Amino acid sequence: MKLAVLIIGAGPAGLATAACLRQRSIPYLIVEREDCSASLWRYRTYDRVKLHLSKEFSSLPYMPHPDSTPTYIPKEEFLKYLDCYAEHFDIKPRYCTSVVSAAYDEGTSRWIVAARDTVAGTEILYAAKFLVVATGENGEGRIPEILGLESFHGEATHSSTYKSGSGYAGKRVLVVGAGNSGMEIAYDLASHGADTSIVARSPVHIMTKGLIRLGMTFVQYIPITIVDLFIANIADFIFGDLSKYGIVRPRIGPLLLKSKTGRSCVIDVGTAGLIKKGIVKVFKGISKIIGNNVQFECGNDCEFDVIVFATGYKSTANLWLKDDKCVLNSDGRPSKGYPNIWKGENGLYFSGFARMGLAGISKDAYNIANDIVSVY
């Protein structure tokens, strides 16, 4: 089947790109391996999750959130927005279509994409002039290699399968990873009566939602280093010195760190207070596991019933994108750095890989659509 543009993935990145192409009258097909759009949001997020950025920084192209939308959007409200977005722009993904391989054919100057209809069990072959990889970075959960993990007798799970702490009351739970997911899961567990600990190996900024909203507004008019200094000082006043509790702040400011590395600060939901009260305990790193005993790099050891790995995700694009030009690294992310991470070669594009949230997704979608229309 010959196509102008094939978009792989019907999450926010794929939907945004499809909308931008439609606005420019560029025909496309969007395929999705799951049976719905935004499957990560529907199936692999915990119940209490909300968007950490305020709604003015969390919309997709050409469709701002209504005035009635809460400032910080809950999961279900955001899913309704995505469904309305797809309906408004008449985006109709071909679901249950799993890409097996994609390679550029020099002879036809097209991307040859082999896919499988997982319901009918049939094979499909696409030949696209332009290929947009919109599967994002969250293809599958990443669990680090830890000496002795296989000997753990309790429940070991990734944060992508965690829903609520309601079933963990009275249990000793270790959360590995102190990013936004890890910190929020730790809070949820402790709030439901679990004996909760968290591993925080890397330095991290702890901020409030209001501070980040303020910073993202100011940075449009004031140099980022000045804004960073301002909001970091306010955060120090709010939270105090968290280093004595095991939470160390990076040397680079929160907004500059995000723009340079894609690493987000942690938006506090109450975990910092629980850490200061000793309700949530902090450890630096795991050295090894023997049965249910976890030994830490500081020399301490504790028994746990459950380990939740909030250790992020990795892309699966490198499993099917035939890459003879080293476009992708070992994590399945584009090798090209920000800000041109969205553009590959021979009509290949990447949407949603910049680690810049929904604002980055929107920027990718605009860039991709504009680039395609310039050569279409």
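Residues numbered from 1 in each chain as written. Predicted model: local features only at pLDDT ≥ 70, side-chain atom pairs only at ≥ 80, totals over all residues. Heavy atoms only, no water.

With that out of the way, let us pick up unusual backbone geometry. In this structure, Asp 90 is a non-glycine residue whose phi angle is positive, near 55°. Among the structural elements, Asp 90 can be located in the loop between helix H3 (75-88) and strand E3 (97-105). Note on Asp 90: relative accessible area 37%, which makes it partly exposed. With a phi close to 60°, Asn 346 is a non-glycine residue in the positive phi region. Summarising the element assignment, Asn 346 is placed in the loop between strand E17 (313-314) and strand E18 (348-350). Asn 346 sits in the partly exposed class, given a relative accessible area of 33%. (Helix = DSSP H or I, 4+ residues; strand = E, 2+ residues; numbered from the N terminus. Buried < 20%, exposed > 50% of the residue type's maximum accessible area, 1.4 Å probe, protein only.)

Regarding helix H5 (residues 209-218), the residues found buried are Lys 209, Leu 211, Ile 212, Gly 215 and Met 216. For H5, the arc enclosing every buried residue in end-on projection is 160°, short of the 170-degree limit, so these residues lie on one face. Check the buried side of H5 and you find it contacts strand E10 (206-207), helix H6 (224-239), helix H7 (254-261) and strand E11 (266-267). (Arc of directions from axis to C-beta. Contact = heavy atoms within 4.5 Å.)

As a further point, take the packing of aromatic side chains. As enumerated under the stated definition, the model contains 15 aromatic pairs in all. Here the aromatic rings of Tyr 85 and Phe 89 are separated by 4.8 Å at their centres, their planes lie at 55°, and the arrangement is tilted. Each member of the pair, Tyr 85 as well as Phe 89, is classed as buried. Chaining the aromatic ring pairs together yields one cluster made of Trp 41, Tyr 62, Phe 78, Tyr 81, Tyr 85, Phe 89 and Tyr 366. (Phe/Tyr/Trp six-rings, centres within 6.5 Å; stacked < 30°, edge-to-face > 60°.)

By definition, the strands of a sheet pair up through backbone hydrogen bonds, in either a parallel or an antiparallel sense. Overall, parallel pairing links the five strands, which are arranged E7-E16-E8-E9-E12 in an open sheet. Edge positions in the open sheet fall to strand E7 (155-158) and strand E12 (280-283), since each of these has one partner strand only. Sheet twist, expressed as the mean angle between neighbouring strand axes with direction ignored, is 20°. For strand E9 (residues 195-199) and E12, the ladder comprises four bridges, and the chain directions are parallel. Opposite Thr 196, over in E12, you have Val 280 as the bridge partner. The strands touched by helix H4 (residues 180-191) within the sheet are strand E8 (172-176), E9, E12 and strand E16 (306-309), with E9 carrying the most contacts at an inclination of about 170°. (Pairing = 2+ DSSP bridges. Axes fitted to C-alpha atoms, helices over the stretch in contact; angles between N-to-C directions.)

A separate point is the nonpolar core. One finds Val 5, Tyr 85, Ile 91, Ile 206 and Ile 247 to be the most contacted residues of the largest nonpolar core, which totals 78 residues. Residues lining this core come from more than one domain, with at least three contributed by each of domain 1 (2-139 + 315-375) and domain 2 (142-309). The contacts of Val 5, once residues within four sequence positions are left out, are Leu 21, Ile 26, Pro 27, Tyr 28, Leu 29, Phe 130, Val 132 and Ile 372. In terms of nonpolar packing, the next biggest core, distinct from the first, is built from 25 residues, Ala 102, Tyr 126, Ala 128 and Ala 354 among them. (Core = buried A, V, L, I, M, F, W, Y, C linked by side-chain atoms within 4.5 Å. Domains from an automatic or database assignment.)

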